[in-house]
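Here's the letter readout for the chains.
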Amino acid sequence: MVNVAILGYGTVGSGVFKIINDNNSHIARRAGDDIKVKYVLDLRDFPGDPVEEVLVHDVDVIMEDEEVSVVVEVMGGVEPAYTFVKRALMAGKSACTSNKELVAKHGAELLEIAKDNNVNFFFEASVGGGIPIIRPLIECLTVDHVEEIQGIMNGTTNYILTKMEDEGADFDTVLKDAQDKGYAERNPEADIEGYDACRKIAILSSLAYEKQVDFEDIYTEGITKITTVDFDYMKKIGASIKLLGLARKEVGIAYSMVAPFVIFQDNPLYNVKDVFNAILIKGDMLGDVMFYGKGAGSLPTASAVVSDVVDAVKRTGNTAMVYWKNEKRILGSVDAFTTPYFVRVKGTGIESEIQDKFGEVQFIEGDPSLGETAFITKVLSGSEYNDAAASFDVVSRIRVSK
Ligand code: HSE
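If you're wondering where the values come from, they're calculated on a predicted model, not measured in any experiment.

**Student:** Is there a simple way to think about the overall build of the protein chain in this case?
**Tutor:** Helix and strand content of the protein chain: 14 helices and 20 strands. Relative to the globule expectation of 21 Å for 402 residues, the C-alpha radius of gyration of the protein chain, 23 Å, shows essentially globular dimensions. In terms of overall dimensions, the protein chain has C-alpha extents of about 75 × 45 × 30 Å along its principal axes. Buried positions account for 55% of the 402 residues belonging to the protein chain. Across the protein chain, the fraction of contacts at a sequence separation of at least 24, relative to all contacts at a separation of at least 6, is 73%. In the form shown here, the protein chain has an accessible surface area of approximately 17300 Å², with 49% of it arising from carbon and sulfur atoms. The protein chain carries 41 positive and 63 negative side-chain charges, and their two centres are separated by 2 Å.

**Student:** Help me understand the sheet that holds strand 1 (residues 2–7) in this model?
**Tutor:** The strands making up a sheet associate through hydrogen bonds between their backbones, and the pairing can be parallel or antiparallel. Taking strand neighbours across the sheet as the criterion, the six strands line up as 3-2-1-4-5-6 in an open arrangement whose pairing is parallel. Edge positions in the open sheet fall to strand 3 (55–56) and strand 6 (121–122), since each of these has one partner strand only. Inspection of the sheet shows strand 4 (residues 68–73) paired to strand 5 (residues 94–97) by four bridges, in the parallel sense. Opposite glutamate 73, over in strand 5, you have threonine 97 as the bridge partner. Where helix 1 (residues 11–22) meets the sheet, its contacts fall on strand 1, strand 2 (35–41) and strand 4, and the angle it forms with strand 2 comes to roughly 155°.

**Student:** Sorry if this is basic, but what is going on with the site of the ligand here?
**Tutor:** Taken together, Lys100, Asn154, Gly155, Thr156, Asp191, Asp196, Lys200, Gly295 and Ala296 make up all the residues around the ligand. Within the backbone of glycine 155, an N or O atom sits 2.8 Å from an oxygen atom of the ligand. Interatomic distance of 2.6 Å between a side-chain N/O atom of threonine 156 and an oxygen atom of the ligand.

**Student:** Explanation requested: unusual backbone geometry in the structure shown.
**Tutor:** Excluding glycine, most residues fall at negative phi; most peptide bonds, likewise, are trans. Going from glutamate 79 to proline 80, the amide bond is cis rather than trans, its omega being 5°. Position of proline 80 relative to the elements: it lies in the loop between strand 4 and helix 4 (81–90). Even without being a glycine, valine 251 presents a positive backbone phi close to 40°. For valine 251, the location among the structural elements is in the loop between strand 10 (239–250) and strand 11 (253–264).

What counts and what doesn't
Residues numbered from 1 in each chain as written. Predicted model: local features only at pLDDT ≥ 70, side-chain atom pairs only at ≥ 80, totals over all residues. Heavy atoms only, no water. Helix = DSSP H or I, 4+ residues; strand = E, 2+ residues; numbered from the N terminus. Rg over C-alpha atoms; globule rule 2.2 N^0.38 Å. Buried < 20%, exposed > 50% of the residue type's maximum accessible area, 1.4 Å probe, protein only. Contact = heavy atoms within 4.5 Å. Areas by Shrake-Rupley, 256 points an atom, 1.4 Å probe, with all protein chains shown as cover. Lys, Arg positive; Asp, Glu negative; His and termini not counted. Charge placed at Lys NZ, Arg CZ, Asp CG, Glu CD. Pairing = 2+ DSSP bridges. Axes fitted to C-alpha atoms, helices over the stretch in contact; angles between N-to-C directions. Near = heavy atom within 4 Å. Polar contact = N/O pair within 3.5 Å; in protein donor to acceptor, adjacent residues only side chain to side chain.

Taken by themselves, the reported measurements are silent on function.
Quick look at the structure:
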């Protein structure tokens with residue numbers, strides 16, 4: 001019998017409790033041992049809920065119980081999650097988490113502590129919710145050099161962009177609708193400004209580059225400046241706009257960023273709509289591989305967390321090899337990152353000035369009443385773009401996926 005403690009009985013924690021109870025015999029067969037939730041830690045009480053039987057309010061009860069061998073951390077936020085997970089690992093308990101803030105900030109250190117204590121620290125659900133992406137990166141794509149990762153890693157913003165595209169509704173209206181439906185938080189900043197996707201691409205970049213990529217170093221741009229007019233242009237060129245978390249290696253330099261990108265139909269991310277997530281990885285041997293599914297929600301996320309618990313049980317006494325050194329990875333500057341740009345500038349009849357500054361461009365016909373000119377540039381570095389754009393009154397500019 002393996003005893004598990006769940007830290008936090010919120011959306012994900014209650015999903016973990018349900019899955020371990022509902023699929024118990026199936027999970028036992030896969031893990032090779034019975035798994036039981038011995039404790040659930042939460043500050044709140046849940047009168048009438050079956051969790052009452054195992055609910056505790058004091059974390060010491062869990063940490064001091066030698067019968068607990070796996071701790072599931074699903075509280076979110078860096079503290080007290082970090083203190084609790086570190087303590088669990090040092091007490092010889094494996095830890096499984098869905099907490100992207102915790103993993104992005106302390107992942108490398110917690111992996112080291114797990115190794116020193118001959119236990120495991122797993123975090124499958126921290127990126128892409130229920131989509132298997134961490135384990136494939138660590139265990140399956142071991143042969144390839146990862147050349148690029150492009151991911152739609154935030155369901156809220158993908159839902160908003162899909163509605164803007166399909167219904168022609170403006171950003172504020174769609175955001176309000178998403179909040180009313182419970183897809184977007186009342187305080188949506190972490191999603192719409194790209195901070196949530198930034199933590200997720202920090203984790204994937206660290207695994208791809210094998211060193212700590214600090215999320216504070218990642219250039220991050222949200223979706224608040226995207227308008228329905230941008231989508232009108234996209235319809236003309238058969239493209240869409242998606243918020244991407246991106247990691248790319250180019251001539252030995254590693255770049256990571258979060259920004260809206262124009263995506264054409266030949267990119268498999270083009271068809272990823274609504275709250276779905278997808279992560280496209282380019283390996284130097286394998287080529288493209290894409291992982292698609294539900295990036296949030298109680299049961300999808302909890303499914304990934306419990307799969308970590310099963311893995312931790314199967315690997316008792318054996319720490320999984322994860323290449324993520326606790327050493328800082330320096331990233332290339334956004335000024336050196338090369339990409340084409342979709343640009344709208346004020347003024348008409350200025351095609352030759354545009355070509356003079358930007359070089360060869362592809363013009364896109366727009367609504368004449370807007371009094372603007374839209375075009376897609378050739379591949380430019382960030383600083384080449386800035387130099388060329390300085391001569392114009394730019395209405396909008398969005399990077400284009402190469
Ligand atoms: N707010 C996140 C999203 C939840 O919309 O994808 C999962 O991290």
